[in-house]
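The chain contents come next:
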Amino acid sequence: MSLLLDNPFQELPPDRAVDTDLFLETVSHIPSFFDCLGSTVFSVIKSDINGNITKIRAVYLKDPAKYVTLQAIVEAERDAHGAQWPKVGATLALMWLKRGLRFIQILLQSLADGERDENNPNLIRVNITKAYEQALKKYHGWIVQKIFRTALLAAPYRSNFLKALSRGEEVKEEDCLANVRQFLVNYTVTVDAIYEMYTNLNAELDYAV
Ligand code: 0SG
């Protein structure tokens, strides 16, 4: 069984509202995945993602009935914070978290689609770079882009990465990629729905850190 399918994302309802409690429960399993990646450079990323999740959960727990969907949180903060919003609270945390989730989506999709560097077929740098350029690069100044280049050098080999996704078991590449494709179905719909919500509510910012 794939690590990803231990905690799969659920199908969204017809209105594509994302249930906060379910989302937080599912996404909270992602940071532990960094432990299988080997290098300490990933601990920076793990702690950033953990920080986002903790911040969203703290808001949710103040009033779970009121904040039943992610959109309810973002709208409540918009109404409460005036000009400070959207650079505030759970709205800011989810803005960044969704970018990390998009990065993961593009990386996994690229691997599932068989995109690879024909000269270095056991490296996943082309897949990681694609994900970075599409999901994160424009939000990063040169210092963070340098952290990315360090992380890229520490990236696991393709075979080790797929093995980590399969909980260290020797699984055929095609079987592992089939699990990745299955995971991506609801995951992609969820990430797309959060992006759409940010666009509709005019909650997206494009400053770089
Ligand atoms: C196979 C592995 C490949 C890994 C390749 C890694 C590529 C990514 C490398 C990027 C390194 C990023 C390190 C951290 C960067 C952070 O500075 C940024 C901005 O962080 C936000 O800053 C915080 O997240 C916010 O936190 S909040 O919850 O309190 O709201 C907030 O602090 C904000 C600044 O606030 S403000 O000044 O606006 O007031 N974070 C990112 O760019 C997200 C990085 C996600 C990377 C996801 C990588 C996943 C790899 C998965 C591998 C399977």
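Data block above holds the structure.
These remarks concern the structure in this document. (Residues numbered from 1 in each chain as written. Predicted model: local features only at pLDDT ≥ 70, side-chain atom pairs only at ≥ 80, totals over all residues. Heavy atoms only, no water.)

**Concerning the pattern of salt bridges**
The condition is simple: Any Lys or Arg side-chain nitrogen found within 4 Å of a carboxyl oxygen on Asp or Glu counts as a salt bridge. The secondary structure listing takes helices from DSSP runs of H or I that are at least 4 residues long and strands from runs of E that are at least 2 residues long, numbered from the N terminus. Relative accessibility under 20% of the residue-type maximum defines a buried residue, over 50% an exposed one, and the middle range a partly exposed one, all with a 1.4 Å probe and only protein chains included.
With the rule as written, the count across this model stands at 10 salt bridges. Residue Arg99 is joined to Glu204 by a salt bridge in which the shortest nitrogen-to-oxygen separation is 2.4 Å. With Arg99 in helix H6 (residues 89-112) and Glu204 in the segment after helix H10 (173-200), this pair connects stretches of sequence that are 105 residues apart. Relative accessible area serves as the criterion here: at 0%, Arg99 is assigned to the buried category. The shortest N-O distance in the salt bridge between Arg158 and Glu173 comes to 2.8 Å. Residue Arg158 is located in helix H9 (residues 158-165), and its partner Glu173 is located in helix H10; the two are separated by 15 residues in the primary sequence. Overall, the relative accessible area of 3% leaves Arg158 in the buried class. A relative accessible area of 35% places Glu173 in the partly exposed class.

**What about the site of the ligand?**
Rules: Residue proximity to a molecule or strand is established when one non-hydrogen atom of the residue lies within 4 Å of it. The term polar contact refers here to a pair of N or O atoms within 3.5 Å; inside protein, the definition further demands a hydrogen-donor-capable atom paired with an acceptor-capable atom, and it admits residues adjacent in sequence only when both atoms are side-chain atoms. To measure how exposed things are, a 1.4 Å probe is used in the Shrake-Rupley method; for residues, cover is taken only from the protein chains shown.
Neighbouring the ligand are 24 residues, the closest being Asp48, Asn52, Lys55, His140 and Tyr207. Contact between the ligand and Asp48: a nitrogen atom at 2.9 Å from a side-chain N or O atom of the residue. One nitrogen or oxygen atom from the side chain of Asn52 is found 2.8 Å from an oxygen atom belonging to the ligand. Here the ligand loses 84% of its free accessible area of 1,100 Å² to cover by the protein chains.

**Some points on the packing of aromatic side chains**
To keep things clear, this is the line we draw: Any Phe, Tyr or Trp ring, taking Trp's six-membered ring, that has another such ring centre within 6.5 Å forms a pair; planes under 30 degrees apart are called stacked, those over 60 apart edge-to-face, and the others tilted. Two thresholds decide whether a charge sits over a ring: the Lys NZ or Arg CZ must be within 6 Å of the ring centre and within 35 degrees of the ring normal.
According to the stated counting rule, one finds seven aromatic pairs in the structure shown. Taking 6.5 Å as the distance between ring centres and 65° as the angle between the ring planes, the aromatic pair formed by Phe9 and Phe23 counts as edge-to-face. Of this pair, Phe9 sits in the loop between helix H1 (3-6) and helix H2 (20-27) while Phe23 is found in helix H2, placing the two residues 14 residues apart along the sequence. Seen in terms of ring centroids, Phe9 and Tyr187 are 5.0 Å apart; in terms of plane orientation they differ by 85°. Their pairing is edge-to-face. Here Phe9 is found in the loop between H1 and H2, whereas its partner Tyr187 is found in helix H10, with 178 residues between them in sequence. On the basis of relative accessible area, Phe9 is assigned to the buried category, the value being 7%. Judged by relative accessible area, which is 0%, Tyr187 ranks as buried. Grouping aromatic residues by their ring pairs yields a cluster made of Phe9, Phe23, Phe183 and Tyr187. Taking the ring centre of Tyr195 as reference, the NZ or CZ of Lys98 above it sits at 4.2 Å.

**As for helix H4 (residues 41-62)**
Test applied: What a helix is expected to span follows from its residue count: subtract one and scale by 1.5 Å. What the arc measures is the spread of directions leading from the helix axis to the C-beta atoms. Contacts are residue-level and defined by heavy atoms, with any inter-residue pair within 4.5 Å sufficient.
For H4, which comprises 22 residues, the first-to-last C-alpha distance of 33 Å matches the rise-based estimate of 32 Å (1.5 Å per residue) to within 8%. If you check which residues of H4 are buried, you get Val41, Phe42, Ile49, Asn52, Ile53, Ile56, Val59 and Tyr60. Taken around the axis of H4, the buried residues stretch over an arc of 130°, which confines them to a single face. The exposed set on the far side of H4, more than 90 degrees from its buried face, consists of Thr54, Leu61 and Lys62. On its buried face, H4 sits against H2, helix H3 (30-33), helix H5 (70-81), H6 and helix H8 (142-153).

So, to be careful, I would describe these as geometric facts and stop short of saying anything about function.
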